[in-house]
Amino acid sequence: MKGFKRLTSIVVAVAMVITLCTISPSTQAEAAVTILTDKKMTIVIGKKDTIAVKQKGATFKSSNKKIATVSKKGVVKGKKAGTCKITVTVGNSSKKVTVNVKPKKVTLKSVTLSGTNSAKVRWKKVSGVTGYYVYYSTKRKSGYKRVKVKGAKKTTTTIKNLTLGNTYYFRVKAYVKSKKKTITSNTYSTVLSLKTWKLAWSDEFNGSTLDLSSWTYETGNGTGGWGNQELQYYTAGDNIKFENGNLVIVPRLEVNKTTGNIQNVTSTRIKTADKREFTYGKMEIRAKATKGQGTWSAGWMLGDDSKDSRGWPYTGEIDILESMNGGVPQTIHCPYFNNQSWSHGNKNYSTGLTQAQSAADYHTYGIIWTDTYIQFTVDGVNKGLYDPTMYSESIYDQTWVFDHPFYFILNCAVGGNAAGSVSTNGWTLVSDQNNIQTYEDYYYIDYVRVYQ
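First, a word on scope: everything that follows refers to the structure included in this document. What you see is a predicted model, and the numbers here were worked out from it, not measured in a lab.

Definitions and cut-offs
Residues numbered from 1 in each chain as written. Predicted model: local features only at pLDDT ≥ 70, side-chain atom pairs only at ≥ 80, totals over all residues. Heavy atoms only, no water. Phe/Tyr/Trp six-rings, centres within 6.5 Å; stacked < 30°, edge-to-face > 60°. Helix = DSSP H or I, 4+ residues; strand = E, 2+ residues; numbered from the N terminus. Buried < 20%, exposed > 50% of the residue type's maximum accessible area, 1.4 Å probe, protein only. Lys NZ or Arg CZ within 6 Å of the ring centre and 35° of its normal. 1 Å grid on protein atoms, 1.4 Å probe; cavity = no way out; pocket = protein on both sides within 12 Å on 5 of 7 lines; lining within 4 Å. Points joined across faces, edges and corners; volume = space filled by probe spheres on them. Nonpolar A, V, L, I, M, F, W, Y, C, P; charged D, E, K, R; others polar.

## Examining the packing of aromatic side chains
Then, number 1: For the structure on display, the rule yields 20 aromatic pairs.
Then, number 2: Ring geometry for tryptophan 201 versus tryptophan 215: centroids 6.2 Å apart, planes at 55°, classification tilted. Placement of the pair is tryptophan 201 in strand S16 (residues 199–203) and tryptophan 215 in the loop between S16 and strand S17 (216–217), with a sequence separation of 14 residues.
Then, number 3: On the basis of relative accessibility, which here comes to 0%, the residue tryptophan 215 falls in the buried class.
Then, number 4: An aromatic cluster is present here, built from Tyr280, Trp369, Tyr386, Trp400, Phe402 and Phe406 joined pairwise through their rings.
Then, number 5: A cation sits over an aromatic face here: arginine 310 above tyrosine 314, 3.7 Å from the ring centre.

## A look at the layout of surface pockets
If a probe as big as a water molecule is rolled over the atoms, it shows which places are left empty.
Then, number 1: What the largest pocket holds in volume is close to 700 Å³.
Then, number 2: Asn228, Trp296, Glu317, Glu322 and His333 are, among the 31 residues lining the largest pocket, the residues nearest its centre.
Then, number 3: Breaking the lining of the largest pocket down by element, the ones donating at least two residues are helix H2 (225–229), strand S26 (295–303), strand S27 (317–323), strand S28 (329–333), strand S33 (406–414) and helix H6 (416–419).
Then, number 4: Tallying contributions element by element places S26 first for the lining of the largest pocket, with 4 residues.
Then, number 5: Residue classes in the lining of the largest pocket are distributed as 11 nonpolar, 15 polar and 5 charged.
Then, number 6: A volume near 300 Å³ is recorded for the second largest pocket.
Then, number 7: If you go around the second largest pocket, you meet 15 residues; those closest to its centre are Leu113, Ser114, Ile368, Gln375 and Asn382.
Then, number 8: Where the lining of the second largest pocket is concerned, the elements lending two or more residues are strand S8 (108–113), strand S9 (119–123) and strand S31 (374–378).
Then, number 9: By residue class, the composition of the lining of the second largest pocket is 4 nonpolar, 8 polar and 3 charged.

Have a look at this one:
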(Lines give C-alpha, C1' and ligand atoms only; values in the text may rest on other atoms or scores of the structure.)
Protein backbone atom coordinates (compact mmCIF):
# COMPACT_ATOMS: atom_id res chain seq x y z
CA MET A 1 0.00 0.00 0.00
CA LYS A 2 2.81 2.32 0.90
CA GLY A 3 4.43 1.57 -2.46
CA PHE A 4 1.23 2.43 -4.28
CA LYS A 5 0.97 5.80 -2.49
CA ARG A 6 4.61 6.56 -3.32
CA LEU A 7 3.95 5.73 -6.98
CA THR A 8 0.86 7.94 -7.00
CA SER A 9 2.83 10.87 -5.54
CA ILE A 10 5.50 10.50 -8.19
CA VAL A 11 2.90 10.49 -10.95
CA VAL A 12 1.18 13.59 -9.57
CA ALA A 13 4.49 15.44 -9.26
CA VAL A 14 5.45 14.65 -12.81
CA ALA A 15 2.03 15.77 -14.01
CA MET A 16 2.42 19.09 -12.19
CA VAL A 17 5.82 19.65 -13.79
CA ILE A 18 4.39 18.92 -17.22
CA THR A 19 1.47 21.27 -16.51
CA LEU A 20 3.76 24.09 -15.35
CA CYS A 21 5.95 23.65 -18.40
CA THR A 22 2.85 23.89 -20.57
CA ILE A 23 1.16 26.87 -18.82
CA SER A 24 4.17 29.09 -18.00
CA PRO A 25 4.90 30.43 -21.55
CA SER A 26 1.25 31.43 -21.98
CA THR A 27 1.25 33.30 -18.68
CA GLN A 28 4.38 35.23 -19.65
CA ALA A 29 2.86 36.19 -23.01
CA GLU A 30 -0.19 37.59 -21.28
CA ALA A 31 1.99 39.66 -18.95
CA ALA A 32 4.08 41.33 -21.76
CA VAL A 33 3.18 44.98 -22.38
CA THR A 34 1.35 45.63 -25.64
CA ILE A 35 1.17 49.41 -26.39
CA LEU A 36 -1.57 50.16 -28.90
CA THR A 37 -0.57 53.78 -29.55
CA ASP A 38 2.67 55.03 -31.13
CA LYS A 39 5.88 54.58 -29.19
CA LYS A 40 6.64 58.26 -29.89
CA MET A 41 4.20 60.95 -28.84
CA THR A 42 4.26 64.70 -29.65
CA ILE A 43 2.08 67.01 -27.61
CA VAL A 44 1.85 70.74 -27.01
CA ILE A 45 2.46 72.44 -23.68
CA GLY A 46 -0.79 72.32 -21.71
CA LYS A 47 -2.38 69.67 -23.94
CA LYS A 48 -3.10 65.99 -23.21
CA ASP A 49 -2.83 62.65 -24.99
CA THR A 50 -3.38 59.04 -23.84
CA ILE A 51 -1.15 55.96 -23.98
CA ALA A 52 -3.39 52.98 -24.77
CA VAL A 53 -2.34 49.53 -23.46
CA LYS A 54 -3.88 46.16 -24.40
CA GLN A 55 -3.52 44.63 -20.97
CA LYS A 56 -5.29 45.69 -17.83
CA GLY A 57 -3.48 46.79 -14.74
CA ALA A 58 -0.75 48.79 -16.48
CA THR A 59 1.17 51.39 -14.46
CA PHE A 60 2.80 54.55 -15.86
CA LYS A 61 5.75 56.61 -14.73
CA SER A 62 7.32 59.81 -16.22
CA SER A 63 11.07 60.20 -16.33
CA ASN A 64 10.69 63.97 -15.93
CA LYS A 65 7.50 65.37 -14.44
CA LYS A 66 8.62 68.92 -15.23
CA ILE A 67 8.31 68.10 -18.92
CA ALA A 68 5.28 65.78 -18.87
CA THR A 69 3.12 64.12 -16.24
CA VAL A 70 1.13 60.94 -16.66
CA SER A 71 -1.98 59.75 -14.77
CA LYS A 72 -2.88 56.27 -13.55
CA LYS A 73 -4.91 55.83 -16.72
CA GLY A 74 -2.06 56.76 -19.04
CA VAL A 75 -3.12 60.36 -19.75
CA VAL A 76 0.00 62.39 -20.56
CA LYS A 77 0.03 66.19 -20.11
CA GLY A 78 2.70 68.47 -21.54
CA LYS A 79 4.16 70.80 -18.92
CA LYS A 80 7.34 72.21 -20.43
CA ALA A 81 9.10 71.97 -23.78
CA GLY A 82 11.50 69.07 -23.89
CA THR A 83 11.73 65.27 -24.18
CA CYS A 84 11.02 62.63 -21.56
CA LYS A 85 10.02 58.95 -21.43
CA ILE A 86 6.94 57.32 -19.99
CA THR A 87 7.58 53.81 -18.64
CA VAL A 88 4.59 51.47 -19.02
CA THR A 89 4.65 48.38 -16.81
CA VAL A 90 2.46 45.24 -16.74
CA GLY A 91 3.59 42.61 -14.29
CA ASN A 92 7.28 42.04 -14.85
CA SER A 93 7.25 43.53 -18.37
CA SER A 94 7.78 47.20 -19.25
CA LYS A 95 8.18 49.39 -22.32
CA LYS A 96 8.93 53.07 -22.86
CA VAL A 97 7.10 55.75 -24.83
CA THR A 98 9.11 58.82 -25.90
CA VAL A 99 7.20 62.07 -25.35
CA ASN A 100 8.23 65.27 -27.17
CA VAL A 101 6.61 68.38 -25.69
CA LYS A 102 6.46 71.38 -28.03
CA PRO A 103 5.55 75.06 -27.57
CA LYS A 104 2.04 76.09 -28.51
CA LYS A 105 1.21 77.14 -32.06
CA VAL A 106 1.54 80.90 -32.47
CA THR A 107 -1.47 83.00 -33.46
CA LEU A 108 -0.37 85.59 -36.02
CA LYS A 109 -2.52 88.68 -35.46
CA SER A 110 -1.53 91.08 -38.23
CA VAL A 111 1.10 92.23 -40.69
CA THR A 112 1.03 95.92 -41.59
CA LEU A 113 3.21 98.34 -43.49
CA SER A 114 5.68 100.25 -41.35
CA GLY A 115 7.26 103.04 -43.30
CA THR A 116 7.68 102.43 -47.00
CA ASN A 117 9.44 99.08 -47.28
CA SER A 118 9.09 97.57 -43.81
CA ALA A 119 6.50 95.24 -42.32
CA LYS A 120 5.37 95.21 -38.71
CA VAL A 121 4.47 91.66 -37.63
CA ARG A 122 2.26 91.10 -34.55
CA TRP A 123 1.36 87.85 -32.79
CA LYS A 124 -0.11 86.61 -29.50
CA LYS A 125 2.23 85.79 -26.64
CA VAL A 126 2.92 82.11 -25.99
CA SER A 127 3.76 81.06 -22.43
CA GLY A 128 6.83 79.07 -21.51
CA VAL A 129 8.96 79.98 -24.53
CA THR A 130 12.35 81.58 -25.07
CA GLY A 131 11.39 83.58 -28.16
CA TYR A 132 9.98 83.42 -31.66
CA TYR A 133 11.05 82.76 -35.23
CA VAL A 134 9.45 85.02 -37.83
CA TYR A 135 9.62 83.76 -41.41
CA TYR A 136 8.99 85.76 -44.59
CA SER A 137 9.14 85.04 -48.31
CA THR A 138 7.87 86.28 -51.66
CA LYS A 139 6.45 82.77 -52.19
CA ARG A 140 3.68 81.31 -50.04
CA LYS A 141 5.10 77.78 -49.84
CA SER A 142 8.87 78.14 -50.10
CA GLY A 143 11.92 80.38 -49.86
CA TYR A 144 11.32 81.65 -46.33
CA LYS A 145 13.98 83.64 -44.50
CA ARG A 146 14.04 83.44 -40.71
CA VAL A 147 14.35 86.26 -38.20
CA LYS A 148 14.99 85.39 -34.55
CA VAL A 149 13.12 87.43 -31.94
CA LYS A 150 14.45 86.83 -28.43
CA GLY A 151 12.21 87.20 -25.39
CA ALA A 152 9.10 85.42 -24.16
CA LYS A 153 7.18 88.69 -23.83
CA LYS A 154 7.93 89.89 -27.35
CA THR A 155 4.84 90.07 -29.54
CA THR A 156 6.00 92.24 -32.42
CA THR A 157 8.95 92.83 -34.73
CA THR A 158 9.67 94.89 -37.83
CA ILE A 159 11.07 93.32 -40.99
CA LYS A 160 13.02 96.00 -42.87
CA ASN A 161 14.43 96.52 -46.35
CA LEU A 162 11.68 94.70 -48.24
CA THR A 163 11.65 95.15 -52.00
CA LEU A 164 9.17 97.77 -53.17
CA GLY A 165 6.16 96.52 -55.09
CA ASN A 166 6.44 92.87 -53.92
CA THR A 167 3.92 90.72 -52.08
CA TYR A 168 5.40 89.04 -49.01
CA TYR A 169 4.14 86.12 -46.94
CA PHE A 170 4.72 85.82 -43.18
CA ARG A 171 4.43 83.04 -40.59
CA VAL A 172 5.68 82.52 -37.02
CA LYS A 173 6.83 79.74 -34.68
CA ALA A 174 7.68 79.87 -30.98
CA TYR A 175 10.89 78.27 -29.72
CA VAL A 176 12.43 77.09 -26.46
CA LYS A 177 16.20 76.89 -26.21
CA SER A 178 17.90 74.51 -23.79
CA LYS A 179 21.57 73.60 -23.35
CA LYS A 180 21.29 70.69 -25.76
CA LYS A 181 18.83 71.81 -28.45
CA THR A 182 16.18 74.25 -29.61
CA ILE A 183 12.57 73.09 -29.73
CA THR A 184 10.06 74.91 -31.96
CA SER A 185 6.29 74.85 -32.28
CA ASN A 186 5.10 71.72 -34.04
CA THR A 187 3.33 73.76 -36.74
CA TYR A 188 3.59 77.27 -38.18
CA SER A 189 1.06 79.99 -37.55
CA THR A 190 -1.43 80.91 -40.23
CA VAL A 191 0.26 82.65 -43.18
CA LEU A 192 -0.55 86.35 -43.72
CA SER A 193 0.47 88.39 -46.76
CA LEU A 194 1.37 92.01 -47.35
CA LYS A 195 2.06 94.06 -50.48
CA THR A 196 4.71 96.75 -50.14
CA TRP A 197 4.38 100.19 -51.64
CA LYS A 198 5.77 100.76 -55.12
CA LEU A 199 7.36 104.07 -56.00
CA ALA A 200 5.01 105.75 -58.48
CA TRP A 201 6.83 109.07 -58.84
CA SER A 202 9.46 111.14 -57.08
CA ASP A 203 11.64 114.18 -57.45
CA GLU A 204 14.92 113.74 -55.62
CA PHE A 205 16.20 117.20 -56.65
CA ASN A 206 19.62 115.85 -57.56
CA GLY A 207 20.02 118.11 -60.57
CA SER A 208 20.87 121.79 -60.91
CA THR A 209 17.60 123.06 -62.39
CA LEU A 210 13.92 122.61 -61.67
CA ASP A 211 12.25 119.79 -63.64
CA LEU A 212 9.63 121.72 -65.57
CA SER A 213 8.08 118.48 -66.83
CA SER A 214 6.83 118.01 -63.27
CA TRP A 215 6.69 121.52 -61.79
CA THR A 216 5.30 124.93 -62.71
CA TYR A 217 6.23 128.23 -61.08
CA GLU A 218 3.38 130.26 -59.61
CA THR A 219 4.31 133.91 -59.57
CA GLY A 220 3.05 137.25 -58.28
CA ASN A 221 1.33 138.55 -55.18
CA GLY A 222 -1.79 136.43 -55.54
CA THR A 223 -5.27 137.57 -54.64
CA GLY A 224 -5.36 139.08 -51.17
CA GLY A 225 -1.76 138.08 -50.58
CA TRP A 226 -2.52 134.50 -51.64
CA GLY A 227 -5.64 134.55 -49.48
CA ASN A 228 -3.75 135.20 -46.25
CA GLN A 229 -2.48 138.79 -46.58
CA GLU A 230 1.04 137.46 -47.15
CA LEU A 231 3.87 139.85 -47.98
CA GLN A 232 5.96 137.94 -50.51
CA TYR A 233 6.07 138.13 -54.28
CA TYR A 234 6.73 134.74 -55.84
CA THR A 235 9.38 134.74 -58.56
CA ALA A 236 10.08 132.30 -61.38
CA GLY A 237 13.47 130.97 -60.35
CA ASP A 238 15.13 133.91 -58.59
CA ASN A 239 14.47 132.42 -55.16
CA ILE A 240 15.59 128.82 -55.54
CA LYS A 241 18.88 126.97 -55.71
CA PHE A 242 20.05 123.35 -55.74
CA GLU A 243 22.49 122.22 -53.10
CA ASN A 244 23.66 118.76 -51.97
CA GLY A 245 20.70 116.98 -53.52
CA ASN A 246 18.20 119.49 -52.15
CA LEU A 247 15.85 121.99 -53.69
CA VAL A 248 16.35 125.09 -51.56
CA ILE A 249 13.56 127.68 -51.52
CA VAL A 250 15.06 131.01 -50.47
CA PRO A 251 12.67 133.60 -49.00
CA ARG A 252 14.35 136.99 -49.14
CA LEU A 253 13.56 140.39 -47.67
CA GLU A 254 15.15 143.82 -47.72
CA VAL A 255 15.24 146.19 -44.75
CA ASN A 256 15.73 149.95 -45.01
CA LYS A 257 18.37 150.75 -42.42
CA THR A 258 17.13 154.31 -41.94
CA THR A 259 13.45 153.55 -41.42
CA GLY A 260 13.66 149.90 -40.37
CA ASN A 261 10.87 149.09 -42.81
CA ILE A 262 10.77 145.67 -44.50
CA GLN A 263 10.42 145.94 -48.24
CA ASN A 264 10.69 143.89 -51.41
CA VAL A 265 9.84 140.46 -49.96
CA THR A 266 10.26 137.56 -52.43
CA SER A 267 10.08 133.79 -52.33
CA THR A 268 9.16 130.72 -54.44
CA ARG A 269 6.02 128.68 -55.01
CA ILE A 270 5.91 125.66 -57.36
CA LYS A 271 3.17 123.13 -58.15
CA THR A 272 2.64 119.89 -60.09
CA ALA A 273 -0.88 120.73 -61.30
CA ASP A 274 -1.76 119.19 -64.71
CA LYS A 275 1.63 117.41 -64.69
CA ARG A 276 1.82 115.11 -61.67
CA GLU A 277 -1.52 114.44 -60.01
CA PHE A 278 -2.42 111.48 -57.79
CA THR A 279 -5.40 109.81 -56.13
CA TYR A 280 -4.54 107.76 -53.03
CA GLY A 281 -1.13 106.47 -51.98
CA LYS A 282 1.67 107.16 -49.57
CA MET A 283 3.11 110.64 -50.02
CA GLU A 284 6.33 111.82 -48.33
CA ILE A 285 8.17 115.13 -48.18
CA ARG A 286 11.57 115.09 -46.48
CA ALA A 287 12.51 118.61 -45.55
CA LYS A 288 14.16 121.03 -43.17
CA ALA A 289 12.06 124.15 -42.67
CA THR A 290 12.95 127.83 -42.35
CA LYS A 291 13.54 129.30 -38.92
CA GLY A 292 13.11 133.05 -39.53
CA GLN A 293 10.46 135.07 -37.72
CA GLY A 294 7.39 135.29 -39.96
CA THR A 295 8.30 132.49 -42.39
CA TRP A 296 5.87 129.70 -43.31
CA SER A 297 7.43 126.64 -44.98
CA ALA A 298 4.82 124.40 -46.60
CA GLY A 299 4.47 121.15 -48.53
CA TRP A 300 0.85 120.42 -49.36
CA MET A 301 -1.69 119.10 -51.87
CA LEU A 302 -4.72 120.64 -53.53
CA GLY A 303 -7.53 118.81 -55.29
CA ASP A 304 -8.09 119.59 -58.95
CA ASP A 305 -11.42 120.92 -60.25
CA SER A 306 -12.67 117.47 -61.33
CA LYS A 307 -14.41 117.14 -57.96
CA ASP A 308 -16.25 120.45 -57.90
CA SER A 309 -16.09 123.41 -60.26
CA ARG A 310 -16.50 125.77 -57.31
CA GLY A 311 -12.87 125.11 -56.38
CA TRP A 312 -11.41 125.39 -52.91
CA PRO A 313 -12.43 124.23 -50.31
CA TYR A 314 -14.90 122.00 -52.18
CA THR A 315 -12.03 120.29 -53.98
CA GLY A 316 -10.16 119.66 -50.71
CA GLU A 317 -6.71 120.39 -49.30
CA ILE A 318 -4.16 118.18 -47.52
CA ASP A 319 -1.36 119.97 -45.67
CA ILE A 320 1.45 117.46 -45.22
CA LEU A 321 3.91 120.01 -43.80
CA GLU A 322 3.37 123.48 -42.40
CA SER A 323 6.02 125.09 -40.23
CA MET A 324 5.46 128.54 -38.78
CA ASN A 325 5.69 130.54 -35.57
CA GLY A 326 2.49 128.96 -34.23
CA GLY A 327 3.69 125.38 -34.63
CA VAL A 328 4.01 122.54 -37.11
CA PRO A 329 0.54 121.05 -37.75
CA GLN A 330 -0.76 118.65 -40.37
CA THR A 331 -4.15 119.60 -41.70
CA ILE A 332 -7.10 118.86 -43.95
CA HIS A 333 -9.53 121.37 -45.47
CA CYS A 334 -13.01 120.52 -46.71
CA PRO A 335 -16.36 122.35 -46.94
CA TYR A 336 -17.63 121.13 -43.56
CA PHE A 337 -14.66 122.22 -41.47
CA ASN A 338 -14.23 125.46 -43.36
CA ASN A 339 -17.72 126.39 -42.16
CA GLN A 340 -16.84 125.75 -38.51
CA SER A 341 -15.50 128.84 -36.79
CA TRP A 342 -14.02 126.80 -33.93
CA SER A 343 -11.78 124.90 -36.36
CA HIS A 344 -10.36 128.07 -37.92
CA GLY A 345 -11.30 126.74 -41.33
CA ASN A 346 -9.52 123.38 -41.08
CA LYS A 347 -8.90 120.28 -38.98
CA ASN A 348 -5.43 120.23 -37.42
CA TYR A 349 -3.31 117.39 -36.05
CA SER A 350 -0.26 118.14 -33.94
CA THR A 351 3.11 116.73 -35.00
CA GLY A 352 4.64 117.54 -31.63
CA LEU A 353 7.32 119.65 -33.34
CA THR A 354 8.06 123.34 -33.00
CA GLN A 355 9.23 125.55 -35.85
CA ALA A 356 12.71 125.55 -34.29
CA GLN A 357 12.78 121.74 -34.26
CA SER A 358 11.55 121.46 -37.83
CA ALA A 359 14.27 123.92 -38.86
CA ALA A 360 17.06 122.23 -36.91
CA ASP A 361 16.84 118.81 -38.59
CA TYR A 362 15.35 117.00 -41.55
CA HIS A 363 12.06 115.23 -40.93
CA THR A 364 9.96 113.08 -43.23
CA TYR A 365 6.39 114.36 -43.31
CA GLY A 366 3.88 112.02 -44.87
CA ILE A 367 0.36 110.81 -45.41
CA ILE A 368 -1.16 107.43 -46.14
CA TRP A 369 -4.23 108.32 -48.16
CA THR A 370 -6.82 105.64 -48.93
CA ASP A 371 -10.41 105.73 -50.14
CA THR A 372 -11.61 105.77 -46.52
CA TYR A 373 -9.08 107.72 -44.42
CA ILE A 374 -5.96 109.91 -44.34
CA GLN A 375 -3.23 108.96 -41.87
CA PHE A 376 -0.67 111.69 -41.14
CA THR A 377 2.87 110.65 -40.21
CA VAL A 378 6.17 112.22 -39.18
CA ASP A 379 9.34 110.13 -39.50
CA GLY A 380 7.17 107.05 -39.93
CA VAL A 381 5.26 107.63 -36.68
CA ASN A 382 1.49 107.95 -36.93
CA LYS A 383 0.10 111.32 -35.89
CA GLY A 384 -3.48 112.36 -36.71
CA LEU A 385 -5.96 110.05 -38.43
CA TYR A 386 -8.70 111.72 -40.44
CA ASP A 387 -11.55 109.21 -40.62
CA PRO A 388 -14.79 110.58 -42.12
CA THR A 389 -16.83 107.59 -40.93
CA MET A 390 -16.89 109.21 -37.48
CA TYR A 391 -19.22 111.87 -38.85
CA SER A 392 -22.91 111.49 -39.62
CA GLU A 393 -24.07 110.42 -43.06
CA SER A 394 -25.87 113.74 -43.50
CA ILE A 395 -22.55 115.64 -43.67
CA TYR A 396 -20.40 112.90 -45.20
CA ASP A 397 -20.20 114.62 -48.61
CA GLN A 398 -18.88 117.75 -46.89
CA THR A 399 -16.24 115.90 -44.86
CA TRP A 400 -14.92 113.49 -47.50
CA VAL A 401 -13.89 115.26 -50.71
CA PHE A 402 -10.61 113.33 -51.00
CA ASP A 403 -11.63 110.96 -53.79
CA HIS A 404 -10.13 112.59 -56.88
CA PRO A 405 -6.71 113.74 -58.20
CA PHE A 406 -4.57 116.06 -56.06
CA TYR A 407 -1.34 117.87 -56.91
CA PHE A 408 1.65 119.06 -54.86
CA ILE A 409 2.61 122.60 -53.88
CA LEU A 410 5.94 123.61 -52.31
CA ASN A 411 6.34 127.17 -51.10
CA CYS A 412 7.56 129.43 -48.36
CA ALA A 413 5.32 132.35 -47.46
CA VAL A 414 6.29 135.39 -45.41
CA GLY A 415 3.97 137.20 -43.00
CA GLY A 416 0.18 137.37 -43.19
CA ASN A 417 -2.59 135.78 -41.16
CA ALA A 418 -0.87 132.46 -40.55
CA ALA A 419 2.86 133.27 -40.45
CA GLY A 420 2.37 136.31 -38.23
CA SER A 421 4.61 139.32 -37.71
CA VAL A 422 7.94 139.48 -39.51
CA SER A 423 11.28 140.45 -38.05
CA THR A 424 14.86 139.63 -38.93
CA ASN A 425 15.18 137.22 -36.00
CA GLY A 426 16.46 133.89 -37.30
CA TRP A 427 17.15 135.22 -40.80
CA THR A 428 20.64 135.34 -42.35
CA LEU A 429 22.12 138.68 -43.31
CA VAL A 430 23.66 138.26 -46.78
CA SER A 431 24.16 141.85 -47.92
CA ASP A 432 24.51 145.31 -46.36
CA GLN A 433 24.98 148.13 -48.84
CA ASN A 434 23.40 151.38 -50.02
CA ASN A 435 21.33 151.63 -46.83
CA ILE A 436 19.67 148.29 -47.59
CA GLN A 437 20.21 145.09 -45.64
CA THR A 438 19.22 141.89 -47.42
CA TYR A 439 18.22 138.84 -45.41
CA GLU A 440 17.57 135.27 -46.50
CA ASP A 441 16.24 132.09 -45.01
CA TYR A 442 16.38 128.54 -46.40
CA TYR A 443 13.77 125.84 -46.83
CA TYR A 444 15.51 122.58 -47.81
CA ILE A 445 13.49 119.89 -49.61
CA ASP A 446 15.38 116.63 -49.99
CA TYR A 447 12.67 114.83 -51.94
CA VAL A 448 8.99 114.43 -52.73
CA ARG A 449 7.85 110.81 -53.21
CA VAL A 450 4.62 109.07 -54.08
CA TYR A 451 4.09 105.35 -53.46
CA GLN A 452 1.04 103.45 -54.60
